[in-house]
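Descriptive analysis of the structure
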Amino acid sequence: MMPDGEATPVFVRTASKQDLEPVRALLRQTFHDTYDGLFGAERVEALLAEWHSLEALTRQLSAPRSEFVVADTGSEIVGVASAIQEGRAVKLQQLYVAPQAQGAGVGLSLLQEIFFCFDDADTFWLEVHPENRKAIDFYARQGFAEKGPTSCRQHEDIPAIRMELNPQEIAG
């Protein structure tokens, strides 16, 4: 939803190098909105510098067996998702939607594009912070099941829940 309450149509497309600065700005906004209360603004800034620097985003954009997509209104990028294939499994690395666009189907559109890009995958999986109920509930509505506690791959001190989806289970 945009500020006037109207849903704005979005086009989901493959990201390009020209999108990286707007994507970085979107990630900064959504990360602070989601995680400041859990980690504090200073830690969030450190994570942003590590995970969402231009260099890190450029690596994601060009990674083999991966997809990096954005939700574009024509005037701004309001969502981003990326995933990487590991054998027959696909890890959803990130899916973030601008706070003002949440609840308008942008997240679902991004996720569906990722599913389409990896239509031969046996499993989709992700890690989400256990206190990020908004994300956990979103993924559960899409068919993902909680598989148990884990920790963030890059930071063992950050707890996570692993969630998985078998696309054959929801397709049939």
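Where the model shows low pLDDT, its predicted coordinates should not be examined in detail. Residues at a pLDDT of 70 or more form 91% of the chain, whose mean pLDDT is 88. At the low end of the mean pLDDT range in the chain sits helix α6 (residues 167-171), at 70; at the high end sits strand β2 (residues 66-72), at 97. Segment residues 1-5: pLDDT under 50, and 11 contacts once partners within four positions in sequence are set aside and those in other chains are kept.

The next point concerns the nonpolar core. In terms of nonpolar packing, the biggest core is built from 47 residues, with L110 and Y139 touching the most fellow members. With 6 residues, helix α1 (residues 20-39) is the single largest residue contributor to this core. Look past the residues within four positions of Y139 in its chain and what remains in contact with it is L92, L95, L126, F144 and M163.

With 12 residues, helix α4 (residues 106-117) ought to run about 16 Å at 1.5 Å a step, and its terminal C-alpha atoms sit 17 Å apart, in line with that. Buried within α4 we find V106, G107, L110, L111 and I114. All buried residues of α4 fall inside an arc of 135° around its axis, so they share one side. The inward-facing, buried residues of α4 abut β1 (11-14), β2, β3 (77-86), β4 (89-97), β5 (123-128) and α5 (133-141).

A word on the pattern of salt bridges. In a structure, side chains of opposite charge can pair up when their charged atoms sit close to one another. Inspection of the entire model under this criterion finds 8 salt bridges. With its nearest N and O atoms 3.0 Å apart, the salt bridge here joins D122 to R88. Of this pair, D122 sits in the loop between α4 and β5 while R88 sits in the loop between β3 and β4, and the two are 34 residues apart along the sequence. Looking at R88, the relative accessible area reads 46%, which means it is partly exposed. With a shortest N-O distance of 3.1 Å, D137 and R133 are connected by a salt bridge.

Turning to α1, a few remarks are in order. Side chains that are three or four residues apart share a direction in an α-helix, a result of its 3.6 residues per turn. Between its terminal C-alpha atoms α1 stretches only 25 Å, short of the 28 Å expected from 20 residues at 1.5 Å a residue. The largest bend in α1 comes to about 40°, at D33. Every buried residue belonging to α1 is among L20, V23, L26, L27, T30, F31, H32 and Y35, and all of these are buried. The secondary structure elements touched by the buried residues of α1 are α2 (41-51), α3 (54-62), β2, β3 and β4. Downstream of α1 by a residue or two, G40 has a phi angle that is positive, lying close to 90°.

Where α1 meets α2, the axes come as close as 8 Å, and the angle between the chain directions of the two elements is 140°. Considering the angle they form, α1 stands oblique to α2. For the pair α1 and α2, the crossing hand works out as right-handed. Note on element contacts: α2 touches α1 through A41, R43, V44, E45, L47, L48 and W51, opposite L27, R28, F31, H32, Y35, D36 and F39.

This paragraph deals with the side chain of Q142. Residue position: Q142 is located in the loop between α5 and β6 (145-151). Look at Q142 and you get buried, because its relative accessible area is 19%. A polar contact is formed between the side chain of Q142 and the backbone oxygen of F138, at a distance of 3.2 Å.

Parameters at a glance
Residues numbered from 1 in each chain as written. Predicted model: local features only at pLDDT ≥ 70, side-chain atom pairs only at ≥ 80, totals over all residues. Heavy atoms only, no water. pLDDT = per-residue confidence, 0-100. Helix = DSSP H or I, 4+ residues; strand = E, 2+ residues; numbered from the N terminus. Contact = heavy atoms within 4.5 Å. Core = buried A, V, L, I, M, F, W, Y, C linked by side-chain atoms within 4.5 Å. Buried < 20%, exposed > 50% of the residue type's maximum accessible area, 1.4 Å probe, protein only. Expected span 1.5 Å × (residues − 1). Arc of directions from axis to C-beta. Salt bridge = Lys/Arg side-chain N within 4 Å of Asp/Glu carboxyl O. Bend = angle between axes of the 7 residues up to and from the residue. Axes fitted to C-alpha atoms, helices over the stretch in contact; angles between N-to-C directions. Parallel < 35°, antiparallel > 145°, perpendicular 65-115°, else oblique. Left-handed = near helix turned anticlockwise from the far one by under 90°. Polar contact = N/O pair within 3.5 Å; in protein donor to acceptor, adjacent residues only side chain to side chain.

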